[in-house]
Amino acid sequence: MQQTIAARDGLNGWTEIDSRLMSRALELAAKGIGQVSPGPLVGCVIAADGEIIGEGFYVYEKLKHAETYALEQAGPRAKGATAYVSLEPHAHHGRTPPCTDALIKAGISRVVVPTEDPNPKVSGKGFEHLRSAGLKVSVGLLSPEAERVNEKYFHFMRTGRPFVHLKLATSLDGKIGTRTGDSRWITGAESRERVHELRHEYDAILIGAGTALADDPLLTDRSGKDRRRPLVRVVLDEKLGVSAESKLVASATEAPVLVFSGAETVGQGDHLELRGVEVVRDARNGRDLPMILEELGKRSLESVLVEGGANVAGKFIDAGLVNKVSFFIAPIIIGGREAPIAVGGEGPARLVDALELRDIVITEHGRDIEITGYPTLSEPAA
């Protein structure tokens, strides 16, 4: 079987076994969601003659990489076997020894990887080390799927800014509340459960001052799943009007709260900072979205879930900073000229310039539907 696969690799072909085992490696990688940032999700399968003899996935706190776990399971049977790894193995000494050393020492004969790691410390070096040791290295199988699994990490490594996912809950007619401001709850319990699963995937969650004032949200991850770092709650509040009695401030010692405000608020935030809130001021009054994303990136936050409100959503879209969009739509019609809409901002002058989504997925959650896609101007998976 190994010889057959190797022969087909020479023709840039892949077998059904290759595809199945790489798919399994990607499934394993996803088990680390919420537990690896700012690192990548990585899964590994060790197989001999198409039979799985070892599996593993990476979790930051366990100080072992996916390859190490899989090789430990495989034991002596790893000699001459194939390793399917969801991302290029690293060849440098970091928190752990090089993964490439472990693969070479175990006697692995072939390594199948979807894509190169964009991290400059890793990129290409892992492949070079393996090949120099005589291992067959095959790259490219399920590359788009692998990059999608690690879309946050890839974007962060390429730009230094967090991956931005805009999430909104609306009625059929695009409203996010009634004319009196009543907005709980537009969507059903199943959609709200899904939103907490989304929050679990992200390092930070971001809202505007209006949403903070109107809804007094807690903005925590209540998925019940393990996460390595607490969800950082970010508020864009140019006038520093967030209440010291809000749920966000009251819980600031349990999960970080970061408020971006204007330069003229110097000396006005002591009451918040004393309760654990961090205030960052800038000359553009908390409106410089690229600067805000760069600041989050400096804190090794590789992803942010933007949950509104309308003004914040519109500003991110107008600035071309949204990488992914999810709308949760309830089968209700609110109506009313004064009822708030989902997206504000300036918007395009021509319909042809409206934000269009690609790679759309539609999912039902109870009575609601979720529409998720990627802006056409956003860089697609390789």
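In this text, all values refer to a predicted model and were calculated from it rather than measured experimentally. (Residues numbered from 1 in each chain as written. Predicted model: local features only at pLDDT ≥ 70, side-chain atom pairs only at ≥ 80, totals over all residues. Heavy atoms only, no water.)

Draft legend 1. Representation of the overall build of the protein chain within the structure. In terms of helices and strands, the protein chain carries 13 helices and 14 strands. In terms of overall size, the protein chain behaves like a compact globule, its C-alpha atoms giving a radius of gyration of 23 Å where 382 residues would be expected to give roughly 21 Å. C-alpha atoms of the protein chain, sized along the principal axes, occupy 70 × 45 × 35 Å. Taken across its 382 residues, the protein chain has 49% of its residues classed as buried. Counting 46 positive and 53 negative side-chain charges, the protein chain places the averaged centre of each group 2 Å from the other. (Helix = DSSP H or I, 4+ residues; strand = E, 2+ residues; numbered from the N terminus. Rg over C-alpha atoms; globule rule 2.2 N^0.38 Å. Buried < 20%, exposed > 50% of the residue type's maximum accessible area, 1.4 Å probe, protein only. Lys, Arg positive; Asp, Glu negative; His and termini not counted. Charge placed at Lys NZ, Arg CZ, Asp CG, Glu CD.)

Draft legend 2. The sheet that holds strand β3 (residues 82–85), seen in detail. Spatially, β2-β1-β3-β4-β5 is the arrangement adopted by the 5 strands of the open sheet, whose pairing is mixed. Each edge of the open sheet carries a strand with a single partner, namely β2 (51–57) and β5 (136–139). Shown here is a sheet whose adjacent strand axes are inclined to one another by a mean of 15 degrees, direction ignored. Across 4 bridges, the pairing between strand β4 (residues 110–113) and β5 is parallel. In the strand pairing of β5, V112 is matched with S138. Most of the contacts of helix α2 (residues 16–30) go to strand β1 (residues 43–48), to which it runs at about 145 degrees, and overall it touches β1, β2, β3 and β4. Relative to the sheet, helix α3 (residues 66–74) contacts β1, β2 and β3, its axis offset from that of β2 by approximately 145 degrees. (Pairing = 2+ DSSP bridges. Axes fitted to C-alpha atoms, helices over the stretch in contact; angles between N-to-C directions. Contact = heavy atoms within 4.5 Å.)

Draft legend 3. How the structure looks around the sheet that holds strand β12 (residues 324–329). Spatial strand order, β10-β9-β8-β7-β11-β6-β12-β14-β13: 9 strands in an open sheet with mixed pairing. If you trace the sheet from one side to the other, it starts and ends with β10 (278–282) and β13 (357–365), each paired once. Across the sheet, the axes of successive neighbouring strands diverge by a mean angle of 20 degrees, strand direction being ignored. As paired strands, β12 and strand β14 (residues 368–375) are joined by 5 bridges and run antiparallel to one another. The residue bridging F328 from the neighbouring strand is E370, located in β14. Helix-sheet contacts for helix α7 (residues 151–159) involve β6 (163–170), β11 (303–306), β12 and β14, and the interaxial angle to β6 is about 130 degrees.

Draft legend 4. Expanded view of the pattern of salt bridges. This structure, assessed with the given rule, holds 24 salt bridges. In this structure, E307 and R199 form a salt bridge, with 3.0 Å as the shortest nitrogen-oxygen distance. Of this pair, E307 sits in the loop between β11 and α13 (310–318) while R199 is found in helix α8 (residues 189–201), placing the two residues 108 residues apart along the sequence. Accessibility expressed as a relative area gives 13% for E307, which makes it buried. (Salt bridge = Lys/Arg side-chain N within 4 Å of Asp/Glu carboxyl O.)

Draft legend 5. Molecular detail of the packing of aromatic side chains. Evaluation of the coordinates by the stated rule reveals 1 aromatic pair. Relative to F154, the ring of Y153 lies with its centre 6.1 Å away and its plane at 80 degrees, an arrangement referred to as edge-to-face. Of note, K152 hangs over the ring of Y202, and the distance from its end group to the ring centre comes to 4.7 Å. One cation-aromatic arrangement involves R228 over Y60; the distance from NZ or CZ to the ring centre is 3.8 Å. (Phe/Tyr/Trp six-rings, centres within 6.5 Å; stacked < 30°, edge-to-face > 60°. Lys NZ or Arg CZ within 6 Å of the ring centre and 35° of its normal.)

Draft legend 6. Summary view of the environment of I176. With respect to the element layout, I176 can be found in the loop between β6 and α8. The class of I176 is partly exposed, set by a relative accessible area of 22%. Remark: the alpha-carbon pair of I176 and I186, spanning 10 residues in sequence, is separated by 7.3 Å. With residues up to four places along the chain from it excluded, the contact list for I176 reads A169, T170, S183, I186, A310, P340, I341 and A342.

Draft legend 7. Here's a closer look at the state of the cysteines. All chains considered together, the criterion is met by 0 disulfides. C44 carries a free sulfur, and the closest cysteine sulfur to it, the one in C99, is 8.8 Å from it. Residue C44 is classed as buried on the basis of its relative accessible area of 0%. The buried category is assigned to C99, whose relative accessible area is 2%. (Disulfide = S-S within 2.5 Å.)

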